[in-house]
2 protein chains.
Amino acid sequence: MNQHPKVTRTVDNSPDGTVLTSAPRDVPVDRATAAARRVVDALLRTDRANANLDRVAEELESIADHLDQHAPEVAERLVDMWHGEGVTRHDPVTGPENAIALPLVLAGRADGSVEGVVTVTIPYQGPPGHVHGGVAALLLDHTLGVANAWAGRTGATAQLNVRYHRPTPLFVPLTVTGRLVWQDGRKVGSVGEIRTADGTLCVSVEALFIDRTVPRPR
Amino acid sequence: MNQHPKVTRTVDNSPDGTVLTSAPRDVPVDRATAAARRVVDALLRTDRANANLDRVAEELESIADHLDQHAPEVAERLVDMWHGEGVTRHDPVTGPENAIALPLVLAGRADGSVEGVVTVTIPYQGPPGHVHGGVAALLLDHTLGVANAWAGRTGATAQLNVRYHRPTPLFVPLTVTGRLVWQDGRKVGSVGEIRTADGTLCVSVEALFIDRTVPRPR
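Residues numbered from 1 in each chain as written. Chains lettered and ligands numbered in written order. Predicted model: local features only at pLDDT ≥ 70, side-chain atom pairs only at ≥ 80, totals over all residues. Heavy atoms only, no water.

1. Some details on the relation of the copies chain A and chain B
Part 1: Placing chain A over chain B gives an RMSD of 0.0 Å and needs a rotation angle of 180 degrees, together with 0.0 Å of translation along the axis. What the rotation and shift describe, once combined, is the action of a two-fold rotation axis. The C-alpha atom lying nearest the rotation axis in chain A is that of N161 of chain A; the distance is 2.2 Å.
Part 2: A share of 100% of the interface residues of chain A reappears at the interface of chain B, consistent with the copies meeting face to face through the same patch. (Least-squares fit on C-alpha atoms with pLDDT ≥ 70 in both. Contact = heavy atoms within 4.5 Å.)

What follows is the structure in structure tokens.
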């Protein structure tokens, strides 16, 4: 619970292959989140006529009630999220504590890029059998933020221009990459891509980030 | 389970305020999904030191195992999703059967636009206390697809250009709008926005769609 990084890992101070996202830990909240992720996926796949689904609904409500009863006020919880735990534990793309996150694992490369391989499943579907275009945008926006950090910069997205070259398939390994390509004062320009294993380009992105960090709650 | 729309609802054949997304139904799979959505949110908020989290993890694994045991092969399930149930029941933005979906509810307006009001919570967080930029892109991409359908067009996203005017707050009602603005053969241009209740513009989007529908599984 105290993995707040004291030193930012960048291409200048860390080896090729440095994992920039948070690994799942063998702690109850990470195990529960991984299991919740399985439930989300399985609910979309399971037989709609399963007579036990009513009981599943009751059990999930009961679990949610229990977790709610043991939750602090949101304002208090936000302070802990941003000070105590490290920012990559709870985000919706890489966070092992966020059941919505695939999660995507990103490593920094010596050439300044970041890269991850991920297989996308049913909950993230857009066109039949393919990744939702907005999910591709979510993966790329997040990857560029991590790429900027690897290059030693921070910033909020100001413009995100996504190009869809062909439908991105579900159920196969996809390589997601990002790289900072220019800097000008508070502005940073970054590019990224999603490709299939044979190198076919599915989605590309160009984005502008501006260093205007949102203050942490306190 | 057989809500496949025989007639497409468009601005030309449906009244102002027509809800274009699927309402949750009082059936077990919808109740279970709503409960799973509560679990996802509560897992990010609950006390990390709760001694019962281990048991929660075990219960969630057990539920996932059960749902998996009653799930058909994915290929078979995809056929049912796209033929039997109606396409708006399972998508990651509006789908009542998808625990990742907020869900966003969109209504068609007589002026040709579509609109929804949604409050975004912790699982979709990017900067502290604010909506992840990629999640805003996901909401807008999906909303424009629905706007195109309301105008009587279909198409896959070819380009999505998102502008972030200011951070989009969590925990307050946001109005998401979309509208088709031009058509040229197989190309469609659409715009959308996310605003807070007082009308403050947070995110805007311009997008190009091309009519190249991905075939349904069969």
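2. Notes on the nonpolar core
Part 1: In this structure, V39, L60 and L160 of chain A together with V39, L60 and L160 of chain B are the most contacted members of the largest nonpolar core, which totals 102 residues.
Part 2: Residues contacting L60 of chain B, with those up to four places away along its chain left out, are A32, A35, A36, V39, L60 and I63 of chain A together with V39 and L43 of chain B. (Core = buried A, V, L, I, M, F, W, Y, C linked by side-chain atoms within 4.5 Å. Buried < 20%, exposed > 50% of the residue type's maximum accessible area, 1.4 Å probe, protein only.)

3. Describing helix α2 (residues 53–69) of chain B
Part 1: If you check α2 of chain B, its first and last C-alpha atoms are 24 Å apart, about what 17 residues at 1.5 Å a residue would give, namely 24 Å.
Part 2: Where α2 of chain B is buried, its residues meet α1 (28–45) and α2 (53–69) of chain A together with α1 (28–45) of chain B. (Helix = DSSP H or I, 4+ residues; strand = E, 2+ residues; numbered from the N terminus. Expected span 1.5 Å × (residues − 1).)

4. A short note on the environment of R195 of chain B
Residues and elements named next belong to chain B.
Part 1: Its place among the elements puts R195 in strand β6 (residues 187–196).
Part 2: You can call R195 partly exposed: its relative accessible area is 29%.
Part 3: Note: C-alpha distance between R195 and Q183 (twelve residues apart in sequence) is 26 Å.
Part 4: With residues up to four places along the chain from it excluded, the contact list for R195 reads P173, L174, T175, T200, L201 and C202.
Part 5: Only 2.7 Å separates the side chain of R195 from the backbone oxygen of G199, close enough to count as a polar contact. (Polar contact = N/O pair within 3.5 Å; in protein donor to acceptor, adjacent residues only side chain to side chain.)

As far as function goes, none of this settles anything; it's purely spatial.
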